[in-house]
Amino acid sequence: MRHDRLLIALVAGIAAGVLAGAWLGKDAVMFAWLGKLFLTMLKMLIVPLVVASVITGVAGLGDPRRFGRTGLFTLGYYLTTTFIAVSIGLLMANLIAPGEGAAIAGEAHPKPPHVGLTDIILSLVHPNIVAAAAEMKLLPLITFSIAFGLALALLGARGEPAIAFMEAVHEATMKIVHWIMWFAPVGVFALVAARLGKAGGAGAFWAQLAALGKYALAVLLGLALHAVMLSLILRIFGGRNPREYLRTIGAALATAFSTASSSATLPLTMELVEEAGVDARARRFVLPLGATVNMDGTALYEAVAALFIAQAYGMDLSFTQQVLVLLTATLAAIGAAGIPEAGLVTMVIVLSAVGLPTEGIGLILAIDWFLDRCRTTINVYGDAVGAAVVARRLARHPTPS
Ligand code: ASP
């Protein structure tokens, strides 16, 4: 299906899902299985896609020095944009002060597991690559695939058959992505309808949103502002027209909104960024890595949420503490997996760093499912912009100096 028609079909699917969820209320949960079917089909492709795309992407760069430079540039892009996102989050939370006067009684929240910097570093590797694939732990798979791609490139002619094999795996998997795209409009309809139904329909949703209205506003305004920043980055450093790019990858953003998962959206992101004409060597490793570590929307939300909780508990965070939020929210976003509501779990890093009670997470729970969808959309946009920026750099520096 062409990307513009797909985008229209997905937007119509989401709109129909909103209507069905609003009208039917809890009964809309009957569509949940269709959403699960779509999500499961997408997830089924993640492991072969990530392995084949990272190996061929890295091997395509040919030279380890070139990979090193491109890799560093990519990490620089991820970090810079994440920092910008957190700064916007801090700005919004300071300007809007969503937590001032908020009632402290929230939903009880079980104490989430502690995640620290060393845990994040350790999550890059796994003793058994097959088990990592079975558990869908993408970071160790990516680490292995980068090493494997580099090794194959260094083998020269002897590595070529394996690279050609992986190339065929990649192409075949992308063909399956095409087939699944035909089901995507039904899938997004079902996901949205069932989730809104689970929340209790339109009335209950508005009540939840109104109860945390200022907080939701701070997050949503922040995300909108960051989308503008990303579009500027795309124009200046990616050399592309943001409107055209958004039209091409729009269906991936709609899928991100419906699934609340960057990882599940990855097959579509890869397909549409390819349609946008982004160099394969850039998109094939920037996108899988981005889906797991580059989360601008999550970083922004972590900052707003931490300040909201502080304000609700009547704690004034000093400038130094806000700098600490900046650093830890970046870490929390890197540590969050590309799955629904992962950001809630890694929020503990931020709260513990500035001495806030982790129970504070209970305050923002009610509306998190909705904000999760919005931040995931920005996470995916950030990855797609990153692929375009890295591709431009590759075009400008064709050979290592
Ligand atoms: N759901 C988000 C994603 O997949 C992560 C999060 O913020 O919870 O990108």
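Everything below is about the structure shown above.
Quick look at the structure, then. Note that the structure is predicted; figures quoted are calculated from it, not measured. (Residues numbered from 1 in each chain as written. Predicted model: local features only at pLDDT ≥ 70, side-chain atom pairs only at ≥ 80, totals over all residues. Heavy atoms only, no water.)

1. Details of helix α11 (residues 242-259)
At 3.6 residues per turn, the α-helix brings residues three or four places apart onto the same side. When the terminal C-alpha atoms of α11 are compared, their 23 Å separation across 18 residues agrees well with the 26 Å that a helix rising 1.5 Å per residue should span. When you tally the buried positions in α11, you get 13 out of 18 residues, the bulk of the element. The distance from a side-chain oxygen at the start of α11 to the backbone nitrogen of Arg243 is 2.9 Å, and the residue carrying that oxygen is Asn241. Where α11 ends, the next residue or the one after it, Ala260, has phi of about 55 degrees, a positive value. (Helix = DSSP H or I, 4+ residues; strand = E, 2+ residues; numbered from the N terminus. Expected span 1.5 Å × (residues − 1). Buried < 20%, exposed > 50% of the residue type's maximum accessible area, 1.4 Å probe, protein only. Polar contact = N/O pair within 3.5 Å; in protein donor to acceptor, adjacent residues only side chain to side chain.)

2. Considerations on the packing of aromatic side chains
Tallied over the entire structure, the rule returns 11 aromatic pairs. When the ring of Phe31 is compared with that of Phe189, the centres are 5.0 Å apart and the planes differ by 65 degrees; the resulting orientation is edge-to-face. Here the residue Phe31 occupies a position in the loop between α1 (3-24) and α2 (32-61), and Phe189 occupies one in helix α8 (residues 184-198), the gap between them amounting to 158 residues. Each member of the pair, Phe31 as well as Phe189, carries the same accessibility label: buried. (Phe/Tyr/Trp six-rings, centres within 6.5 Å; stacked < 30°, edge-to-face > 60°.)

3. Re the packing of α8 against α11
Relative orientation of the contacting elements α8 and α11 amounts to 35 degrees, with a least axis distance of 9 Å. Taken as a pair, α8 and α11 cross one another with a handedness that is left-handed. Along its contact with α8, which presents Val188, Leu191 and Val192, the element α11 presents Thr255, Ser258 and Thr259. (Axes fitted to C-alpha atoms, helices over the stretch in contact; angles between N-to-C directions. Left-handed = near helix turned anticlockwise from the far one by under 90°. Contact = heavy atoms within 4.5 Å.)

4. Focus on the pattern of salt bridges
The tally for this structure, following the rule as stated, stands at 7 salt bridges. Between Asp63 and Arg65 there is a salt bridge whose closest N-O contact spans 3.3 Å. Residues joined in a network through salt bridges with shared partners are Asp368, Asp372 and Arg375. (Salt bridge = Lys/Arg side-chain N within 4 Å of Asp/Glu carboxyl O.)

5. Regarding the packing of α2 against helix α7 (residues 160-181)
The geometry of α2 relative to α7 is characterised by a closest axis approach of 8 Å and an angle of 150 degrees between their N-to-C directions. When the interaxial angle is binned, α2 and α7 end up roughly antiparallel. α7 is crossed by α2, and the crossing has left-handed handedness. Listed contacts from α7 to Phe38, Met41, Leu42, Leu45, Pro48, Leu49, Val51, Ala52, Ser53, Ile55, Thr56 and Ala59 of α2 are Ile163, Met166, Glu167, Val169, His170, Thr173, Met174, Ile176, Val177 and Ile180. Of the residues in the contact of α2 with α7, the class split is 17 nonpolar, 4 polar and 1 charged. (Parallel < 35°, antiparallel > 145°, perpendicular 65-115°, else oblique. Nonpolar A, V, L, I, M, F, W, Y, C, P; charged D, E, K, R; others polar.)

6. As for a nonpolar patch on the surface
Together, Leu79, Phe83, Phe319, Val323, Leu324 and Leu327 make up a nonpolar patch on the protein surface, roughly 550 Å² of accessible area in all. Take Leu324: it is sitting in helix α15 (residues 319-335). Residue classification places Leu324 among the partly exposed positions, given a relative accessible area of 34%. (Patch = residues over 30% accessible without salt bridge, like charges linked within 9 Å, V, L, I, M, F, W, Y side chains within 5 Å. Areas by Shrake-Rupley, 256 points an atom, 1.4 Å probe, with all protein chains shown as cover.)

7. A short note on the site of the ligand
In the neighbourhood of the ligand, 16 residues make up the surrounding shell, with Ser262, Thr298, Gly343, Asp372 and Arg375 lying closest. Protein burial of the ligand: of its 270 Å² of free accessible surface, 100% is covered by the chains. Put simply, the ligand lies in the largest cavity. Looking at the shell around the ligand, the elements with two or more residues in it are α16 (342-353) and α17 (361-396). At 4 residues, α17 tops the list of elements feeding residues into the shell around the ligand. By residue class, the composition of the shell around the ligand is 6 nonpolar, 7 polar and 3 charged. (Near = heavy atom within 4 Å. 1 Å grid on protein atoms, 1.4 Å probe; cavity = no way out; pocket = protein on both sides within 12 Å on 5 of 7 lines; lining within 4 Å. Sits in = over half its atoms within 2 Å of the grid points.)

8. Thoughts on the side chain of Asn379
Along the chain, the position of Asn379 falls in helix α17. For Asn379, a relative accessible area of 2% puts it in the buried group. Contact partners of Asn379, with chain neighbours within four places excluded, come to Ser262, Asn294, Met295, Asp296, Gly297 and Thr298.

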